[in-house]
Amino acid sequence: MERVMNREQVDYYIQKYGLDQHINEELRSFMTIQTYQSGELICTQGEEIEHVRFQVEGRVKIFTTSSEGKNLIVAIKEPFEILGDVECIQDVSCMNTIKAISTVKMLAISKKVIHQNGFQDARFLQLLLNVASEKFWLKSEALSINLLYPVEVRFASYLTSIVCDEQNCALNRSELKDTADLIGTSSRHLNRIIKAFIEDGMIERTETDIIIKNREKLIAIAKDIYN
């Protein structure tokens, strides 16, 4: 991790994401820019949290590890996102492990500074509470999705709404385990679904990728549940 104090960069991201309405000058003066490379751990489940981080560039994977050592993906996050807000408000250790899956940039401010200064600012506190409330709502929605929709629908929706964009319509096979965890199924069950989708001509499997061949057919199955 690279950590620098750069007021110009801090102000740039503050303006870009409209945070000037919530973060006062005093809090900004304590902010640093943290840069993580793909594969770096940002925080680890169970460790003491030191910073609240504002994800302004890159993608991160958030996962929890059971006592048996099994990882369960909670979410894949892109900007803008606040990380560590719930732990800061509740003053508890990290609930999940967060790992960079691309080059990631964060605005970071220490928990100590927030407890001393941020909690005295109603606008900043409202920002944290709004984000924390939204996270719990999304978690509830994700649980409902896994209970209400079969794996075929969840995987088709994942491919059409998350994987496929204007530049790319392929899922790297190295990501299949994470995909299974994210949509709430086993790798074995997901492989059965992939085989069925291949037989129906919707996707193709190469040595490295799962390539979408018939997006319209996938859309007919999907329910846009991840949009």
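Above: the structure in question.
Sequence positions are assigned chain by chain, starting from 1 and proceeding in written order. Note on the predicted model: pLDDT of at least 70 is required for a residue's local features to be given, and 80 or more for side-chain atom pairs to be given and counted; whole-chain, interface and lining totals, by contrast, use all residues. Only hydrogens and water are set aside when side-chain values are computed; all heavy atoms of the structure are taken into account.

Remarks on the overall build of the protein chain
Next up, step 1: Secondary structure follows DSSP: runs of H or I at least 4 residues long count as helices, runs of E at least 2 residues long count as strands, and numbering of each begins at the N terminus. Helix and strand content of the protein chain: nine helices and twelve strands.
Next up, step 2: Taken over 227 residues, the protein chain has a buried fraction of 40%.
Next up, step 3: Should any heavy atoms of two residues lie within 4.5 Å, those residues are considered in contact. Long-range pairs, those at least 24 residues apart, make up 71% of the contacts in the protein chain with a sequence separation of at least 6.
Next up, step 4: Looking at the protein chain as shown, the accessible area adds up to about 12300 Å², and 48% of this sits on carbon and sulfur atoms. Three labels apply to residues, based on accessible area from a 1.4 Å probe with only protein chains included: buried if under 20% of the type maximum, exposed if over 50%, partly exposed otherwise in between. Only the protein chains shown count as cover for residues, with accessible areas throughout obtained via the Shrake-Rupley method and a probe of 1.4 Å.

Considering the packing of aromatic side chains
Next up, step 1: Pairing of aromatic side chains here covers Phe, Tyr and the six-membered ring of Trp, requires ring centres within 6.5 Å, and sorts the geometry by plane angle: under 30 degrees stacked, over 60 edge-to-face, intermediate tilted. Summed over the entire model, instances satisfying the criterion amount to four aromatic pairs.
Next up, step 2: Relative to Tyr-13, the ring of Tyr-12 lies with its centre 5.0 Å away and its plane at 70°, an arrangement referred to as edge-to-face.
Next up, step 3: Site record: aromatic cluster; members linked through ring pairs are Tyr-17, Phe-54 and Phe-80.

Here we look at the pairing of strand S8 (residues 97-100)
On any regular strand, side chains alternate: one points to one face of the sheet, the next to the other face.
Next up, step 1: Note: strand S3 (residues 41-43) against S8, two bridges, orientation antiparallel. Looking at S8, one finds that Leu-41 is bridged to Lys-99.
Next up, step 2: Taken together, the four bridges between strand S5 (residues 60-65) and S8 define a ladder with antiparallel strand orientation. Bridge pairing in S8 places Val-60 opposite Ala-100. Here a strand pair is declared whenever DSSP counts at least two bridges between the two strands.

Remarks on the sheet that holds strand S9 (residues 104-110)
Next up, step 1: Here five strands make up an open sheet; going across it, the order is S1-S2-S9-S4-S7 and the pairing antiparallel. Across the chains shown, the open sheet's two edge strands, defined by having one partner strand only, are strand S1 (2-4) and strand S7 (81-83). Averaged over all neighbouring strand pairs, the angle between strand axes comes to 25°, with direction disregarded.
Next up, step 2: The sheet contact formed by S1 and strand S2 (residues 32-36) spans three bridges and is antiparallel. The residue bridging Glu-2 from the neighbouring strand is Thr-35, located in S2.
Next up, step 3: A fitted line through C-alpha atoms represents every axis, and for helices the fit uses only the stretch in contact; the resulting angles, taken between N-to-C directions, go from 0 to 180 degrees. The sheet strands contacting helix H1 (residues 7-16) are S2, strand S4 (51-57) and S9, and the helix crosses S9 at an angle near 100°.

A closer look at H1
Next up, step 1: Along H1, the residues classified as buried are Val-10, Tyr-13 and Ile-14. The buried residues of H1 occupy an angular sector of 105° when the element is viewed end-on, so they sit on one face.
Next up, step 2: Contacts from the buried residues of H1 go to helix H2 (25-28), S2, S4 and S9.
Next up, step 3: Two to three positions downstream of the cap, the backbone nitrogen of Glu-8 sits 3.1 Å from a side-chain oxygen, assigning the N-cap of H1 to Asn-6.
Next up, step 4: Positive backbone phi, at 65°, marks Gly-18, one or two positions downstream of H1. An arc is given here, and it is the one of the directions from the helix axis to the C-beta atoms. Pairing of N or O atoms within 3.5 Å defines a polar contact, subject to two protein rules: one partner must be a possible hydrogen donor and the other a possible acceptor, and residues neighboring in sequence count only if both atoms are side-chain atoms.

Some remarks on the nonpolar core
Next up, step 1: Throughout, nonpolar core names a set of buried Ala, Val, Leu, Ile, Met, Phe, Trp, Tyr and Cys residues whose side chains join them through atoms within 4.5 Å. In terms of nonpolar packing, the biggest core is built from 21 residues, with Ile-23, Met-31, Phe-54, Leu-107 and Ile-109 touching the most fellow members.
Next up, step 2: Elements represented by at least two residues in this core include exactly H1, S4, S9, helix H4 (111-116) and helix H5 (122-148).
Next up, step 3: If you tally residues by element for this core, the top one is H5, at four residues.
Next up, step 4: Look past the residues within four positions of Phe-54 in its chain and what remains in contact with it is Leu-19, Ile-23, Met-31, Phe-80, Glu-81, Ile-82, Lys-105, Met-106, Leu-107, Ile-109, Phe-124 and Leu-127.
Next up, step 5: Membership of the second largest hydrophobic core comes to 20 residues, among which are Ala-156, Leu-171, Ile-183 and Leu-218.

Section: helix H7 (residues 176-183)
Next up, step 1: Of all the eight residues making up H7, six are buried; the element is thus mostly covered by neighbouring parts of the structure.
Next up, step 2: Turning to H7, its buried residues are Leu-176, Thr-179, Ala-180, Asp-181, Leu-182 and Ile-183.
Next up, step 3: Positive backbone phi, at 75°, marks Gly-184, one or two positions downstream of H7.

Some details on the side chain of Glu-81
Next up, step 1: As for its placement among the helices and strands, Glu-81 is situated in strand S7.
Next up, step 2: Look past the residues within four positions of Glu-81 in its chain and what remains in contact with it is Arg-53, Phe-54, Gln-55, Val-131 and Lys-135.

A word on the pattern of salt bridges
Side-chain pairing between opposite charges can occur once the charged atoms of the two side chains come close.
Next up, step 1: The term salt bridge refers to a pairing of a side-chain nitrogen on Lys or Arg with a carboxyl oxygen on Asp or Glu at a separation within 4 Å. For the structure shown, the criterion picks out twelve salt bridges.
Next up, step 2: As a salt-bridge pair, Lys-111 and Glu-48 come within 2.8 Å of each other at their nearest N and O atoms. Of this pair, Lys-111 sits in helix H4 while Glu-48 sits in the loop between S3 and S4, and the two are 63 residues apart along the sequence.
Next up, step 3: According to the relative accessible area criterion, Glu-48 is exposed, its value standing at 52%.
Next up, step 4: Of the charged contacts in the structure, one is a salt bridge between Asp-178 and Lys-61, with a shortest N-O distance of 3.1 Å. Pair noted here: Asp-178 is in helix H7 and Lys-61 is in strand S5, with a separation of 117 residues, a long-range link.
Next up, step 5: Overall, Asp-178 belongs to the partly exposed group, its relative accessible area being 26%.

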